[in-house]
Structure formats: C-alpha cells, structure tokens
Amino acid sequence: FNNNSVTSGGWINYNVSGAVNWTTDSYNGRTYGYISNYIASSNQACETWLISPSFDLTGSPSPYLSFESAYNYSGPALEVYVLSNYSSGNPNAAITGTLVPTLSGGSWNWVSSGNVSLTSYIGPNKRIAFKYSGTSSNGSTWEIDDIAVFAQ
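This text gives an overview of the structure that appears in the document. (Residues numbered from 1 in each chain as written. Predicted model: local features only at pLDDT ≥ 70, side-chain atom pairs only at ≥ 80, totals over all residues. Heavy atoms only, no water.)

## Considering unusual backbone geometry
Part 1: For Asn-4, which is not glycine, the phi torsion reads 65° and is therefore positive.
Part 2: When you line up the elements, Asn-4 lands in the segment before β1 (12–17).
Part 3: In this structure, Ser-107 takes a positive phi of about 60° despite not being glycine.
Part 4: Counting through the fold element by element, Ser-107 comes out in the loop between β9 (95–99) and β10 (111–112).
Part 5: Residue class for Ser-107 comes out exposed when judged on its relative accessible area of 54%. (Helix = DSSP H or I, 4+ residues; strand = E, 2+ residues; numbered from the N terminus. Buried < 20%, exposed > 50% of the residue type's maximum accessible area, 1.4 Å probe, protein only.)

Structure below.
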C-alpha cells in the first residue's frame, strides 16, 4: 500500500453490494489499506472484498499468512478467507476456507494476526480475501497492512 494504491500488484477491489471501496490512508508515516462505510455523514450498506493476487502453495509443507489490523467503531468484524481458482466476479462462490486470525480489539490499536496456517490449502491458484460488511445503521472502520504469505 506504500504506493497509495490498493490494486497495485494484482490486488482486486470487488463490490458484491454497495459502492464502498477499499482504499489507502496514511497516519504517522504508515500507509495501509483502509475501509469504512461511513460516508457523507451516514452509513452505507455494503459488502466489499479486497482480494490478493493468485499464489501457488504447491510443495510448501507449512505455509502461513501474516498481517496487521486496526479498527474502530461498532459493526461487523472483518472476515478473512482463502479463495481457490478465483479470476473475477463475486468471490463468495470461490471460498474454500475461512481463516481465524487475531484481529484488532479496537481503539485504532494495531495487532498482528499471528501466523495463520494455510496448510489445509496447499495447491495452485489460491488467494487471500478480506471481506468487509456494513449496514445502513452501523459499520466499523478497518485498516490492514504488512500482508504476507510465507511458504516454508
């Protein structure tokens, strides 16, 4: 995100519903992925995904995902998935796994996800997907950074 673009390097910003997009923001010299459905003084209903470029975990005995997150305000938690063989369109049909990383507890505190195992998803054409949801009455603000997949 350091180049102020969430779609550089092959990342995909996809709206299942609504018109809220992932973008970048900066604070204290740190640039990160950012999403909030609070726009023009009201919450906007949405389901918006940030989807990584495709990668191949074939031959990796213990791959894992790591990232950092921060959030604030009330609303649904950020969800993290593994997609298989996704190329375009609604990512819900390509979900092959739900990941359970450690997420920020709020108050804009940055927290490491820990090493989230991807061992169950070894194979070609995998993607990590961050799903953000908000309603017309609530929504949190999420920030993510330092996303990495390690193949050991």
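Next comes the rest of the account.
## Quick look at the sheet that holds strand β12 (residues 126–134)
Part 1: The five strands are arranged β1-β6-β12-β8-β9 in an open sheet whose pairing can be described as antiparallel. Every interior strand has two partners, whereas the edge strands, β1 and β9, have only one. Strand-to-strand twist across the sheet, computed as the mean angle between neighbouring axes with direction ignored, equals 30°.
Part 2: Direction of pairing for strand β6 (residues 46–51) relative to β12: antiparallel, over a ladder of six bridges. Residue pairing in the sheet places Trp-49 in a bridge with Lys-131 of β12. (Pairing = 2+ DSSP bridges. Axes fitted to C-alpha atoms, helices over the stretch in contact; angles between N-to-C directions.)

## Describing the pairing of strand β7 (residues 64–72)
Part 1: Summarising burial for β7: eight of the nine residues are buried, a large majority.
Part 2: Pairing of β7 with strand β11 (residues 116–117), which is carried by two bridges, proceeds in the antiparallel orientation. By the bridge assignment for β11, Tyr-64 is matched with Ser-117.
Part 3: Alignment of β7 against strand β13 (residues 141–150), held across eight bridges, turns out to be antiparallel. Looking at the pairing, Glu-68 lines up with Asp-145 of β13.
Part 4: Relative to β10, β7 runs antiparallel, the two sharing two bridges. Bridge pairing links Ser-69 to Val-111 in β10.

## A word on the packing of aromatic side chains
Part 1: Using the criterion set out here, one finds seven aromatic pairs in the structure.
Part 2: Ring plane angle 50° and centroid distance 6.4 Å describe the contact between Phe-1 and Trp-11, whose orientation is recorded as tilted. With Phe-1 in the segment before β1 and Trp-11 in the segment before β1, the pair connects residues that are ten residues apart, well separated along the chain.
Part 3: For Phe-1, a relative accessible area of 18% puts it in the buried group. (Phe/Tyr/Trp six-rings, centres within 6.5 Å; stacked < 30°, edge-to-face > 60°.)

## Things to note about the nonpolar core
Part 1: Of all hydrophobic cores here, the largest spans 25 residues; its most connected members are Trp-22, Leu-99, Ile-128 and Phe-130.
Part 2: Of all the elements in the fold, those that place two or more residues in this core are β6, β7, β8 (79–84), β12 and β13.
Part 3: By size, the runner-up hydrophobic cluster in this structure holds seven residues, among which are Trp-49, Ile-51, Leu-83 and Ala-129. (Core = buried A, V, L, I, M, F, W, Y, C linked by side-chain atoms within 4.5 Å.)

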